[in-house]
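# Survey of secondary and tertiary structure
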Amino acid sequence: MSELRELYQEVILDHNKHPRNFHEMPGADRQAEGFNPLCGDQLTVYLKLGADQKIEDLSFVGSGCAISKASASLMTDALKGKSFSEAKAIFEKFHSMVTASPGLEAPDGLGKLAVLAGVCEFPARVKCASLAWHTLNSALDGSSEAVTTE
Ligand code: ZN
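Residues numbered from 1 in each chain as written. Predicted model: local features only at pLDDT ≥ 70, side-chain atom pairs only at ≥ 80, totals over all residues. Heavy atoms only, no water.

### Here we look at the packing of helix α2 (residues 66-79) against helix α4 (residues 123-141)
At a minimum axis distance of 8 Å, the contact between α2 and α4 shows a crossing angle of 40°. Two packed elements cross with a definite hand, and for α2 against α4 that hand is right-handed. Between α2, through Ile67, Ser68, Ser71, Ala72, Met75 and Leu79, and α4, the contact on the second element is made entirely by Arg125, Cys128, Ala129, Ala132, Trp133 and Leu136. Looking at side-chain class alone, the contact of α2 with α4 contains nine nonpolar, two polar and one charged residues. (Axes fitted to C-alpha atoms, helices over the stretch in contact; angles between N-to-C directions. Helix = DSSP H or I, 4+ residues; strand = E, 2+ residues; numbered from the N terminus. Left-handed = near helix turned anticlockwise from the far one by under 90°. Contact = heavy atoms within 4.5 Å. Nonpolar A, V, L, I, M, F, W, Y, C, P; charged D, E, K, R; others polar.)

What follows is the structure, given as structure tokens:
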């Protein structure tokens, strides 16, 4: 288990250092801001909608801890090209993974997102890991209010 954990940690550190899709998006169809005051994580998620309610492009900018950044980076990678309903289904799986009792296996179908399974052992970090997701959800719903995890 500890080798696996180290591997997971490496992926998280890599995404923190070199976040994917980390840029503003001129001409985005939707954008939303999220803030986690407990940790100081702050990010903006941008998305472009394609035909059939698909997420054609997805990016983010912001600053925060390694978990919040890695989670946002992994999220943008995982959800590009997905439909709204697919994205929401993945969000729900992800959310139940990070709020699960420690020791449970990560649910299937999350791909690389499973590296964040260890977050469930650190309740204070759950908000860091889910910030990008709540922010995306708000963008998908077309809400203009900033998201806060409080
Ligand atoms: Zn954080």
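### Regarding the coordination of the zinc ion
Every protein donor of the zinc ion is listed here as Cys39 (SG), Asp41 (OD), Asp41 (OD), Cys65 (SG) and Cys128 (SG), and their distances to the metal cover 2.2 to 2.6 Å. Between consecutive donors of the zinc ion, the numbers of intervening residues give the motif C-x1-D-x23-C-x62-C. Linking Cys39 in the loop between β1 (30-36) and β2 (41-49) with Cys65 in the loop between β3 (55-63) and α2, this pair joins segments that are 26 residues apart in sequence. Since its relative accessible area comes to 34%, Cys39 is described here as partly exposed. (Donors = N, O, S within 2.8 Å, 3.2 Å for Na, K, Ca; no water. Buried < 20%, exposed > 50% of the residue type's maximum accessible area, 1.4 Å probe, protein only.)

### Things to note about α4
End to end, α4 covers 27 Å across 19 residues, agreeing with the expected 27 Å (1.5 Å per residue, within 8%). For α4, the principal kink sits at Ser130 and spans about 45°. Phi turns positive, to about 75°, at Gly142, one or two residues after α4. (Expected span 1.5 Å × (residues − 1). Bend = angle between axes of the 7 residues up to and from the residue.)

### Overview of the packing of helix α3 (residues 84-98) against α4
Where α3 contacts α4, the axes come no closer than 11 Å and their chain directions differ by 160°. Overall, the two elements α3 and α4 adopt an arrangement that is roughly antiparallel. Pair α3 / α4 crosses with left-handed handedness. Listed contacts from α4 to Phe84, Ala87, Lys88, Ile90, Phe91, Phe94, His95 and Val98 of α3 are Val126, Ala129, Ser130, Trp133, His134, Asn137, Leu140 and Asp141. Broken down by class, the residue content of the contact of α3 with α4 amounts to ten nonpolar, four polar and two charged. (Parallel < 35°, antiparallel > 145°, perpendicular 65-115°, else oblique.)

### Digging into the confidence of the model for the protein chain
With 97% of its residues at a pLDDT of 70 or more, the protein chain shows a mean pLDDT of 91. When pLDDT is averaged over each helix and strand of the protein chain, the minimum, 85, is found for helix α1 (residues 2-17) and the maximum, 97, for β3. (pLDDT = per-residue confidence, 0-100.)

### Let's talk about the nonpolar core
Core analysis: the biggest nonpolar cluster contains 37 residues, and Ile67, Leu79, Phe94, Leu116, Trp133 and Leu136 have the highest contact counts within it. Going through the elements one at a time, β2, β3, α2, α3 and α4 are the ones with two or more residues in this core. Looking at which element gives the most residues to this core, the answer is α4, with nine residues. (Core = buried A, V, L, I, M, F, W, Y, C linked by side-chain atoms within 4.5 Å.)

### A look at the pairing of β3
Note that β2 and β3 share eight bridges and pair antiparallel. From the neighbouring strand, Leu43 faces β3, where its bridge partner is Gly62. Where β2 hands over to β3, the hairpin turn is made up of five residues, of which Asp52 adopts a positive phi near 55°. (Pairing = 2+ DSSP bridges.)

### Considering the packing of aromatic side chains
All told, the structure shown has three aromatic pairs when counted by the stated rule. Here the aromatic rings of Phe22 and Phe60 are separated by 5.0 Å at their centres, their planes lie at 70°, and the arrangement is edge-to-face. Of this pair, Phe22 sits in the loop between α1 and β1 while Phe60 is found in strand β3, placing the two residues 38 residues apart along the sequence. Plain terms: the ring middles of Phe91 and Trp133 are 6.0 Å apart, the flat faces sit at 20° to each other, and that makes the pair stacked. Highlighted residues: Phe91 in helix α3 and Trp133 in helix α4, separated in sequence by 42 residues. (Phe/Tyr/Trp six-rings, centres within 6.5 Å; stacked < 30°, edge-to-face > 60°.)

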